[in-house]
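# A closer look at the structure
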Amino acid sequence: MIRTIASTARIATKIIKDGSNSGRDKYCQKLEDKLYNRLKKYKRTQFDYIGKNVHEILPTKLIQVEKLPETFENCNGVVSLAQEVEKTVPADIVGYIVGYIVGFNKDGKKKQFGGVKMEVLMHEMHHLFNYLTHPKVPNRIYKVSKISSKINFEKFFVENFQSTMPPKKCKEATKKLLKREEKHKIDILQYFRYKLIDEIGAYRSGEHYSNLYSSKSKECFQSNIDAMQLETKLNDVTAILKKTLKTEREGVNQKRGKSIISKGRYFISHLSDLLKINHKN
Ligand SMILES: [Zn+2]
(Lines give C-alpha, C1' and ligand atoms only; values in the text may rest on other atoms or scores of the structure.)
Protein backbone atom coordinates (compact mmCIF):
# COMPACT_ATOMS: atom_id res chain seq x y z
CA MET A 1 0.00 0.00 0.00
CA ILE A 2 1.24 3.46 -0.87
CA ARG A 3 1.01 5.75 2.08
CA THR A 4 0.24 9.37 1.45
CA ILE A 5 1.03 10.51 4.96
CA ALA A 6 4.60 10.20 6.20
CA SER A 7 5.34 9.25 9.80
CA THR A 8 6.49 12.84 10.31
CA ALA A 9 2.94 14.07 9.58
CA ARG A 10 0.86 11.72 11.72
CA ILE A 11 0.77 10.27 15.18
CA ALA A 12 0.86 6.48 15.10
CA THR A 13 -2.21 4.64 16.37
CA LYS A 14 -0.06 2.69 18.84
CA ILE A 15 0.78 5.99 20.55
CA ILE A 16 -2.81 7.23 20.48
CA LYS A 17 -3.82 3.76 21.75
CA ASP A 18 -7.55 4.24 21.23
CA GLY A 19 -7.74 4.48 17.44
CA SER A 20 -11.48 5.21 17.39
CA ASN A 21 -12.66 8.66 16.35
CA SER A 22 -13.38 9.66 19.94
CA GLY A 23 -10.01 8.26 21.09
CA ARG A 24 -8.27 10.36 18.45
CA ASP A 25 -10.35 13.41 19.43
CA LYS A 26 -9.27 12.97 23.05
CA TYR A 27 -5.62 12.72 22.07
CA CYS A 28 -6.01 15.86 19.94
CA GLN A 29 -7.46 17.71 22.90
CA LYS A 30 -4.64 16.51 25.13
CA LEU A 31 -2.15 18.09 22.74
CA GLU A 32 -4.15 21.32 22.69
CA ASP A 33 -4.20 21.43 26.52
CA LYS A 34 -0.46 20.78 26.64
CA LEU A 35 0.32 23.63 24.29
CA TYR A 36 -2.12 26.00 25.93
CA ASN A 37 -0.62 25.33 29.37
CA ARG A 38 2.84 26.10 28.03
CA LEU A 39 1.86 29.31 26.30
CA LYS A 40 -0.79 30.80 28.56
CA LYS A 41 1.76 32.46 30.85
CA TYR A 42 3.18 34.58 28.03
CA LYS A 43 1.48 37.73 26.99
CA ARG A 44 3.50 38.03 23.85
CA THR A 45 5.04 35.03 22.25
CA GLN A 46 6.73 35.24 18.91
CA PHE A 47 6.06 32.84 16.07
CA ASP A 48 9.30 31.00 16.68
CA TYR A 49 8.34 30.50 20.32
CA ILE A 50 5.03 28.91 19.31
CA GLY A 51 7.03 26.71 16.94
CA LYS A 52 9.59 25.85 19.63
CA ASN A 53 6.85 24.64 21.98
CA VAL A 54 5.08 22.66 19.27
CA HIS A 55 8.40 20.93 18.48
CA GLU A 56 9.03 20.15 22.14
CA ILE A 57 5.60 18.51 22.39
CA LEU A 58 6.01 16.68 19.07
CA PRO A 59 9.76 16.32 18.45
CA THR A 60 9.54 13.81 15.59
CA LYS A 61 7.04 15.73 13.48
CA LEU A 62 7.80 18.18 10.68
CA ILE A 63 5.95 21.35 11.61
CA GLN A 64 6.88 24.88 10.67
CA VAL A 65 5.27 27.87 12.32
CA GLU A 66 5.70 31.14 10.52
CA LYS A 67 4.23 34.49 9.66
CA LEU A 68 1.97 34.45 6.64
CA PRO A 69 3.16 36.33 3.57
CA GLU A 70 1.50 39.63 2.64
CA THR A 71 -0.72 37.94 0.08
CA PHE A 72 -2.68 36.39 2.95
CA GLU A 73 -3.65 39.71 4.49
CA ASN A 74 -7.34 38.78 4.90
CA CYS A 75 -6.59 35.55 6.66
CA ASN A 76 -5.89 35.12 10.39
CA GLY A 77 -4.12 31.84 10.08
CA VAL A 78 -3.86 28.74 7.98
CA VAL A 79 -2.47 25.20 8.19
CA SER A 80 -1.13 23.86 4.90
CA LEU A 81 0.13 20.45 3.97
CA ALA A 82 3.87 20.25 3.36
CA GLN A 83 4.19 17.94 0.40
CA GLU A 84 7.18 16.12 -0.93
CA VAL A 85 7.43 14.55 -4.33
CA GLU A 86 7.98 10.83 -4.21
CA LYS A 87 11.52 10.86 -5.60
CA THR A 88 12.91 13.22 -3.02
CA VAL A 89 11.35 11.57 0.02
CA PRO A 90 14.10 10.12 2.20
CA ALA A 91 14.03 6.33 2.44
CA ASP A 92 12.79 6.37 6.02
CA ILE A 93 9.84 8.59 5.16
CA VAL A 94 7.29 6.85 3.01
CA GLY A 95 4.67 9.29 1.90
CA TYR A 96 3.78 12.48 0.16
CA ILE A 97 2.55 14.69 2.99
CA VAL A 98 5.62 15.04 5.15
CA GLY A 99 4.48 17.74 7.54
CA TYR A 100 2.56 20.95 8.03
CA ILE A 101 3.13 24.66 7.75
CA VAL A 102 1.20 26.77 10.24
CA GLY A 103 0.97 30.38 9.20
CA PHE A 104 -0.31 33.25 11.31
CA ASN A 105 -0.96 36.87 10.65
CA LYS A 106 0.11 39.32 13.29
CA ASP A 107 -2.76 41.05 14.92
CA GLY A 108 -2.27 44.73 15.60
CA LYS A 109 -4.92 44.93 18.31
CA LYS A 110 -4.17 45.18 22.01
CA LYS A 111 -5.25 41.84 23.42
CA GLN A 112 -2.69 39.71 21.77
CA PHE A 113 -1.28 36.38 22.58
CA GLY A 114 2.21 35.99 21.21
CA GLY A 115 1.41 38.28 18.34
CA VAL A 116 -1.56 36.07 17.60
CA LYS A 117 -4.95 36.31 19.29
CA MET A 118 -5.62 33.34 21.55
CA GLU A 119 -8.70 32.18 19.64
CA VAL A 120 -6.81 32.32 16.34
CA LEU A 121 -3.83 30.50 17.82
CA MET A 122 -5.87 27.63 19.26
CA HIS A 123 -8.13 27.50 16.21
CA GLU A 124 -5.13 26.80 13.97
CA MET A 125 -3.58 24.49 16.55
CA HIS A 126 -6.76 22.43 16.49
CA HIS A 127 -6.37 22.03 12.72
CA LEU A 128 -2.74 20.99 13.18
CA PHE A 129 -3.37 18.47 15.97
CA ASN A 130 -6.50 17.17 14.25
CA TYR A 131 -4.50 16.42 11.09
CA LEU A 132 -1.81 14.66 13.13
CA THR A 133 -4.30 12.52 15.06
CA HIS A 134 -6.78 11.91 12.19
CA PRO A 135 -4.55 11.26 9.13
CA LYS A 136 -7.63 10.47 7.06
CA VAL A 137 -8.37 14.22 7.03
CA PRO A 138 -5.13 15.45 5.37
CA ASN A 139 -5.23 12.31 3.24
CA ARG A 140 -8.62 13.31 1.83
CA ILE A 141 -7.52 16.93 1.40
CA TYR A 142 -4.49 15.69 -0.55
CA LYS A 143 -6.59 13.33 -2.66
CA VAL A 144 -9.11 16.02 -3.59
CA SER A 145 -6.30 18.49 -4.37
CA LYS A 146 -5.10 16.01 -7.01
CA ILE A 147 -8.43 15.90 -8.87
CA SER A 148 -7.93 17.68 -12.15
CA SER A 149 -10.87 20.04 -12.37
CA LYS A 150 -11.66 23.62 -13.22
CA ILE A 151 -13.22 23.91 -9.78
CA ASN A 152 -11.10 24.92 -6.84
CA PHE A 153 -12.67 22.76 -4.12
CA GLU A 154 -11.06 24.64 -1.28
CA LYS A 155 -12.41 27.93 -2.61
CA PHE A 156 -15.82 26.31 -3.04
CA PHE A 157 -15.72 25.15 0.59
CA VAL A 158 -14.79 28.59 1.91
CA GLU A 159 -17.39 30.40 -0.19
CA ASN A 160 -20.28 28.04 0.41
CA PHE A 161 -19.67 26.25 3.71
CA GLN A 162 -17.34 28.50 5.67
CA SER A 163 -19.46 31.52 5.02
CA THR A 164 -22.87 32.87 5.89
CA MET A 165 -24.33 31.27 2.77
CA PRO A 166 -27.66 29.73 3.91
CA PRO A 167 -27.62 25.90 4.17
CA LYS A 168 -30.33 25.52 1.53
CA LYS A 169 -28.32 27.47 -1.06
CA CYS A 170 -25.15 25.64 -0.03
CA LYS A 171 -26.92 22.31 -0.53
CA GLU A 172 -28.10 23.32 -4.01
CA ALA A 173 -24.61 24.48 -5.00
CA THR A 174 -23.13 21.22 -3.68
CA LYS A 175 -25.58 19.08 -5.68
CA LYS A 176 -24.77 21.07 -8.82
CA LEU A 177 -21.06 20.59 -8.20
CA LEU A 178 -21.50 16.83 -7.68
CA LYS A 179 -23.29 16.55 -11.01
CA ARG A 180 -20.30 18.16 -12.71
CA GLU A 181 -17.85 15.98 -10.80
CA GLU A 182 -19.80 12.72 -10.92
CA LYS A 183 -16.66 10.57 -10.94
CA HIS A 184 -15.27 12.05 -7.74
CA LYS A 185 -18.48 12.72 -5.85
CA ILE A 186 -17.73 10.44 -2.88
CA ASP A 187 -14.23 11.87 -2.37
CA ILE A 188 -15.61 15.41 -2.63
CA LEU A 189 -18.43 14.72 -0.16
CA GLN A 190 -16.04 13.09 2.31
CA TYR A 191 -13.73 16.07 1.88
CA PHE A 192 -16.53 18.53 2.72
CA ARG A 193 -17.60 16.38 5.66
CA TYR A 194 -14.11 16.12 7.16
CA LYS A 195 -13.48 19.82 6.56
CA LEU A 196 -16.74 20.76 8.30
CA ILE A 197 -15.97 18.56 11.33
CA ASP A 198 -12.44 20.00 11.41
CA GLU A 199 -13.68 23.59 11.17
CA ILE A 200 -16.37 23.16 13.85
CA GLY A 201 -13.70 21.65 16.14
CA ALA A 202 -11.32 24.51 15.41
CA TYR A 203 -13.90 27.21 16.19
CA ARG A 204 -14.83 25.38 19.40
CA SER A 205 -11.18 25.14 20.49
CA GLY A 206 -10.62 28.81 19.73
CA GLU A 207 -13.62 29.73 21.83
CA HIS A 208 -12.79 27.35 24.68
CA TYR A 209 -9.18 28.45 25.17
CA SER A 210 -9.84 32.13 24.64
CA ASN A 211 -12.48 31.93 27.38
CA LEU A 212 -9.97 30.18 29.63
CA TYR A 213 -7.37 32.82 28.90
CA SER A 214 -9.62 35.75 29.41
CA SER A 215 -13.20 35.61 30.58
CA LYS A 216 -13.68 38.97 28.87
CA SER A 217 -13.46 37.49 25.41
CA LYS A 218 -17.00 36.44 24.73
CA GLU A 219 -17.98 33.35 22.82
CA CYS A 220 -17.28 34.91 19.46
CA PHE A 221 -16.37 31.65 17.78
CA GLN A 222 -19.51 29.82 18.82
CA SER A 223 -21.39 32.60 17.15
CA ASN A 224 -19.28 31.95 14.06
CA ILE A 225 -20.46 28.33 14.05
CA ASP A 226 -24.02 29.58 14.36
CA ALA A 227 -23.68 32.39 11.83
CA MET A 228 -22.31 29.99 9.23
CA GLN A 229 -24.78 27.27 10.35
CA LEU A 230 -21.94 24.80 10.13
CA GLU A 231 -23.78 22.06 12.00
CA THR A 232 -26.80 22.17 9.65
CA LYS A 233 -24.43 22.11 6.68
CA LEU A 234 -22.63 19.11 8.19
CA ASN A 235 -25.94 17.25 8.61
CA ASP A 236 -26.85 18.04 4.99
CA VAL A 237 -23.52 16.79 3.62
CA THR A 238 -23.71 13.62 5.75
CA ALA A 239 -27.22 12.92 4.44
CA ILE A 240 -26.17 13.42 0.78
CA LEU A 241 -23.12 11.21 1.36
CA LYS A 242 -25.20 8.42 2.91
CA LYS A 243 -27.66 8.52 0.04
CA THR A 244 -24.85 8.54 -2.55
CA LEU A 245 -23.09 5.60 -0.91
CA LYS A 246 -26.34 3.64 -0.80
CA THR A 247 -27.04 4.29 -4.50
CA GLU A 248 -23.44 3.39 -5.40
CA ARG A 249 -23.65 0.14 -3.44
CA GLU A 250 -26.90 -0.81 -5.13
CA GLY A 251 -25.27 -0.07 -8.51
CA VAL A 252 -22.28 -2.27 -7.66
CA ASN A 253 -24.56 -5.12 -6.58
CA GLN A 254 -26.52 -4.83 -9.79
CA LYS A 255 -23.33 -4.91 -11.84
CA ARG A 256 -22.12 -7.91 -9.86
CA GLY A 257 -25.39 -9.69 -10.58
CA LYS A 258 -25.01 -8.94 -14.29
CA SER A 259 -21.41 -10.15 -14.37
CA ILE A 260 -22.41 -13.44 -12.72
CA ILE A 261 -25.05 -13.90 -15.43
CA SER A 262 -22.58 -13.06 -18.20
CA LYS A 263 -20.01 -15.43 -16.66
CA GLY A 264 -22.68 -18.12 -16.70
CA ARG A 265 -23.35 -17.40 -20.37
CA TYR A 266 -19.67 -17.59 -21.15
CA PHE A 267 -19.48 -20.93 -19.37
CA ILE A 268 -22.42 -22.33 -21.35
CA SER A 269 -21.01 -21.15 -24.69
CA HIS A 270 -17.58 -22.47 -23.72
CA LEU A 271 -19.12 -25.80 -22.78
CA SER A 272 -21.02 -25.98 -26.05
CA ASP A 273 -17.72 -25.43 -27.88
CA LEU A 274 -16.18 -28.29 -25.97
CA LEU A 275 -19.09 -30.52 -26.81
CA LYS A 276 -18.80 -29.33 -30.39
CA ILE A 277 -22.47 -28.44 -30.45
CA ASN A 278 -23.32 -26.10 -33.26
CA HIS A 279 -26.61 -24.42 -32.50
CA LYS A 280 -27.01 -23.26 -36.11
CA ASN A 281 -27.47 -26.81 -37.30
ZN1 LIG B 1 -10.16 27.00 10.38
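Residues numbered from 1 in each chain as written. Predicted model: local features only at pLDDT ≥ 70, side-chain atom pairs only at ≥ 80, totals over all residues.

### Quick notes on the sheet that holds strand 1 (residues 63-67)
The strands making up a sheet associate through backbone hydrogen bonding, with each pair oriented either parallel or antiparallel. With respect to topology, 3 strands assemble into an open sheet ordered 1-3-2, the strand pairing being mixed. The open sheet terminates on both sides in strands that have one partner only, identified here as strand 1 and strand 2 (77-83). Each strand axis lies, on average, 25° off the axis of its neighbour in the sheet, ignoring direction. With 7 bridges connecting them, strand 2 and strand 3 (residues 97-104) associate as antiparallel partners. Paired with Ala 82 across the strands is Gly 99, a residue of strand 3. (Pairing = 2+ DSSP bridges. Helix = DSSP H or I, 4+ residues; strand = E, 2+ residues; numbered from the N terminus. Axes fitted to C-alpha atoms, helices over the stretch in contact; angles between N-to-C directions.)

### Structural notes on the nonpolar core
Tyr 100, Val 102, Leu 128 and Phe 192 are the most contacted members of the largest nonpolar core, which has 43 residues in total. Elements supplying a minimum of two residues to this core: helix 2 (21-39), helix 3 (47-57), strand 1, strand 3, helix 4 (118-133), helix 5 (136-145), helix 6 (153-161) and helix 8 (185-213). Two domains each put at least three residues into this core: domain 1 (1-139) and domain 2 (147-281). Ignoring sequence-local partners within four residues, the contact set of Tyr 100 consists of Ala 9, Ile 63, Val 79, Ser 80, Leu 81, Ala 82, Leu 128 and Tyr 131. (Core = buried A, V, L, I, M, F, W, Y, C linked by C-beta atoms within 7 Å. Buried ≥ 20, exposed ≤ 12 C-beta atoms within 10 Å, placed from the backbone. Domains from an automatic or database assignment. Contact = placed C-beta atoms within 7 Å.)

### Points about the confidence of the model for the chain
Mean pLDDT for the chain: 84, with 79% of residues reaching 70 or above. The secondary-structure element of the chain with the lowest mean pLDDT is helix 9 (residues 220-228), recorded at 75, while helix 7 (residues 167-180) shows the highest, at 97. Throughout residues 110-114 the model reports pLDDT below 50, and contacts reaching past four residues in sequence, or to other chains, amount to 17 contacts. Confidence drops under a pLDDT of 50 for residues 271-281, and excluding neighbours within four residues, the segment shows 1 contact in the predicted structure. (pLDDT = per-residue confidence, 0-100.)

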